[in-house]
Every structure is written in structure tokens, then in C-alpha cells.
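Listed here are the chains, written in short residue letters.
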Amino acid sequence: MPTRTPRLAPLSRRLVGLLSLSLATALACGDDSAVVSATDADTSSDTTTTTTTSTTMSVTTTGENTTTTTGEITTTTSTTGETTSTTTTTGETSTTGPVCGDGVVEGDEVCDDGTNDGSYGGCMPDCGALADFCGDGQMNGRELCDDGNDVEDDECTSACAPPSCGDGFIQGDEECDSDNLGGADCVALGFTEGELSCVPDACVLDVSLCIGCGNGLIEDPEICDGAELDGVTCVEQGFVGGELLCSLTCDSYDTAQCNNCGNDLLDDDELCDGVALGDESCATQGFFGGELTCAPSCDGFDTSLCNLCGNEIIDDLEVCDGVDLAGEDCISQGFSGGTLSCSASCDALDISLCTNCGDNMIDGDEVCDGDDVNGNTCASVDPEVYADSPVGCAMACDAFDTSQCDSGDCCINNGSPGCEVGALEACVCALDSFCCNNQWDGICASEALDCGAVCP
């Protein structure tokens, strides 16, 4: 027997139609939402019908703001017994634009890192400016320098730190830096293959893993490789000395740095060799005196022993020079007097002629000093002329003062044969034996003067 679908009562159908018409009208008039419900007791069965319709009403863009208005209609018709209800929902409005903190730079924002706390390298809270960062030309944060550019070969790298081995940038005399090999590889350096690397903390290329000439390993048919010479030296190549090198092709030795320096002969481009100076001297090198020598490498002269001593001017390390004593004298050297001079090498003052004459004490080369005559008398100074009497000291303390010395009784008529000074007595007696055999009279005293007697 056929199944019949229950039909809505006429009143229910009318209510549903009115509701649909009201919703359509509301949408047409721009109403954002409407909810209409109706109840009809004349329903013969439980029936539910749901209809959803989405309609975009308008999109308006003004400057940086965008407003989107959409309509969404949901119609639910429920028939349960004698009740019918319809619910319709419409309208949804959203506004979007630059939002500081969403991590997206939009509109007039200068930056937006999502945090925007003004920390180093970040964004200011209002997204209107960058915080301190490397490259702003101001040293801040953990920076060691900041020159405001990203040039790597100047005094400050783009990492805001001075150039250094290990920073990844090739600068100065560095061949490489960390993983930065400057585009070089084993093949480019003349090897056949292999892996090139950089020596840490040295920033020089490491070719130890490269294969072929230049890796520092002697491999057949090489006779040398880099600094590896298999023990061969310049001497074995017929030279006196020097540094033996390996050719770039590793098949021969490079003797360009070998030499015969040390054989005391001028060879090749040598300027000198040991004692062979090629007629050069300190004087030809612009000095006043001294000893010229040859540099150990024979490519230059050693003037360290040359000097300007003798030009009467104190130069370089000279203490004095001739009469130029730098204002010094014997007194400034702790003596009471004397003559100060300069040593022949100009490296010291000569105090040999300085004295303390006058302090009544014999010092240094003094013969005597004031009353200190070291026990001497006139007779001990010259026993052939003077009698035994006190002797004086010269003002310079370099000699005895005999001005008060005399020949004693040789100069007077003493009545007794002979006189006090034996040499004078012998001289007079040889002239006049009476003076020695009988008596010493005035004639004898006169004859003593002829023999050199000193009389008061």
C-alpha cells in the first residue's frame, strides 16, 4: 500500500511563506540579523526542515581599512505535533588593517617582529622604528664596534666586531677563515684532487688532504714537496749556506735563497762577507769612527759598533765626546779638584787626573797632600843637595815643595872638617883638601856653592 507524506496544514504553510518573505526583505534592506519564530498548533506530523544560505552583501575599502559585511541565513522549520518554529540568522561584520604585534609589516609599520619589546636587533613597541642593531653606526649591546656599513675588509665587520681569525671573513693576510676558503680548492691550487680546508686559529689553507705536488708530502716521482726536502740542504747543493726551497713542480730544488755567505769572499750579489768589506768602513757609512762589520746574511753592513766619537759632540749613546763632558767635572764626580776628561771611546768619563788634593790625605796618584808627605824630608827628596829637614807639598799634590830646603852646615863656617851633605863635602874636598883635613871655613862654604849647595 503506498506511503503518503504528511502535508502541512494550510496555516502552517502560510506561516512558513511569511517567514521566508520577511527574511528576504530583511536581507534586501541590509538588516544584519533577524530572528523570527512562529507557532502553529495545526501540525499533523513531526517534520524538520533546515535551509542555510550565505550571501555577501558588500565590501568597502577605505585607505588602510577593509570592512566586509556578509549575510548568512539559516532557516530551521520544525514541526512537532501542532508546533512549527522557524529560526533565521543573518549578518557577520569584520574589520582588518595593520596590527602591531602580528609579526607582519603592514601599512606604515617600519618593523613588526611579533614581540616588539625594543630589545637589541628587534622592533620598538609601536612598530614605528627599529631598536639598536648592528649597522646603525652606534656601538651598543654586545657590539665591539659599529661603523654603519657591511664592508668586511675594513676595521669593523658586518658582525660589529674587529676582524679576527675565526670570524668567517677573509681579511688582511688571511688565506681563509673557517669555512670561507675564498673560492679556492685543491685543483685551483695546482693539485689533481682532494679536500681543501682552513687551519683553525691560523687562517691559512690546509692542503694536507690535497693530492699532488704542494701537499707537503713527497710522493713518487716527487723529490721534494713544499717544506719537505727529504733532508737536503743548500750545503749539499754546493753552497756555504742559505735556505733551500722546492720548485713549484716538486721535481727539482730551488737554490735561489742559497748563498756562499761566510767564506770571507765577495760572491754574486753579496755586499760583504765576514772580513771582506769591500773597502767600506764606518767613515764611509757616515760615522766618525768605530768598527764596521758584515751582517750574517752578507747583504748589508752592521754599523752597531760605529760611532761619532771624536766630533766633540755627544751623539747617540755617548757619555762624552772630547771636550764635551756634558757639564761634568772632577768635583761633580766626587773629587775636590783635578782635570776631568773623556775616554777615547766616548763611553765613559776619565777621572784619572781628578784628585782630592788639599784634604791632607794622599789619594790616588798624589805624591803628597798638605802635611802628609808620607815621611819624606828634604834629604830623602834629594840627598845629594839637601840636608835632613822637613819638606813641603806642592799645591797640586803632585810633587814635593823644596823651596824651604837647604844644604845645612855646608853653607856656613862650622869649624869642623866636612859638611852635612856627603855629596857636597866630597865635591868641596876634591877642590880644597884643607876643608876636609883641617876645618870647614868660609872659603869651604863658598866652594860648596860652586858644587851646587842650596843655601838660605
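That block above? That's the structure.
The model shown is predicted, which means the values in this text are computed figures rather than measured ones.

Rules used in this analysis
Residues numbered from 1 in each chain as written. Predicted model: local features only at pLDDT ≥ 70, side-chain atom pairs only at ≥ 80, totals over all residues. Heavy atoms only, no water. Helix = DSSP H or I, 4+ residues; strand = E, 2+ residues; numbered from the N terminus. Buried < 20%, exposed > 50% of the residue type's maximum accessible area, 1.4 Å probe, protein only. Pairing = 2+ DSSP bridges. Arc of directions from axis to C-beta. Contact = heavy atoms within 4.5 Å. Polar contact = N/O pair within 3.5 Å; in protein donor to acceptor, adjacent residues only side chain to side chain. Disulfide = S-S within 2.5 Å.

What about unusual backbone geometry?
Part 1 of the reasoning: Cis peptide bonds are those with omega within 30 degrees of zero, and the linkage from D220 to P221 qualifies with 10°.
Part 2 of the reasoning: Position of P221 relative to the elements: it lies in the loop between β8 (210–211) and β9 (241–242).
Part 3 of the reasoning: Residue E312 is not a glycine yet carries a positive backbone phi of 65°.
Part 4 of the reasoning: Residue E312 is classed as partly exposed on the basis of its relative accessible area of 40%.

Some details on the pairing of strand β18 (residues 349–355)
Part 1 of the reasoning: When strand β17 (residues 337–342) meets β18, the two strands line up antiparallel, connected through 5 bridges. From the neighbouring strand, S341 faces β18, where its bridge partner is D350.
Part 2 of the reasoning: Joining the antiparallel neighbours β17 and β18 is a turn of 6 residues, in which C346 adopts a positive phi near 65°.

A few points about helix α5 (residues 442–450)
Part 1 of the reasoning: Turning to α5, its buried residues number three or more, namely C444, A445, E447 and A448. Buried residues in α5, looked at end-on, bunch into an arc of 160°, giving them a common side. Along α5, exposed side chains directed more than 90 degrees from the buried face belong to I443 and D450.
Part 2 of the reasoning: In this structure, the buried residues of α5 make contact with α3 (422–431) and α4 (434–437).
Part 3 of the reasoning: In this structure D441 caps α5, since a side-chain oxygen of it lies 3.1 Å from the backbone nitrogen of I443.
Part 4 of the reasoning: Once α5 finishes, G452 follows within two positions and takes phi at roughly 100°, a positive value.

Observations regarding the state of the cysteines
Part 1 of the reasoning: Enumeration over the complete set of coordinates arrives at 24 disulfides.
Part 2 of the reasoning: The disulfide that involves C261 links it to C298, with 1.8 Å between the sulfurs. Linking C261 and C298, the disulfide has an S-S dihedral of approximately 80° and is accordingly described as right-handed. Remark: C298 occurs in the loop between β14 (293–294) and β15 (301–302) and C261 occurs in the loop between β12 (258–259) and β13 (289–290); sequence separation between them is 37 residues.
Part 3 of the reasoning: Across the disulfide from C357 sits C397; the S-S distance is 1.7 Å. Across the disulfide from C357 to C397, rotation about the S-S bond amounts to roughly 80°, and the bridge is consequently right-handed. Of the two residues, C357 is situated in the loop between β18 and α2 (378–381) and C397 in the loop between β19 (392–393) and β20 (400–401); the sequence distance between them amounts to 40 residues.
Part 4 of the reasoning: Owing to a relative accessible area of 1%, C397 belongs among the buried residues under this scheme.

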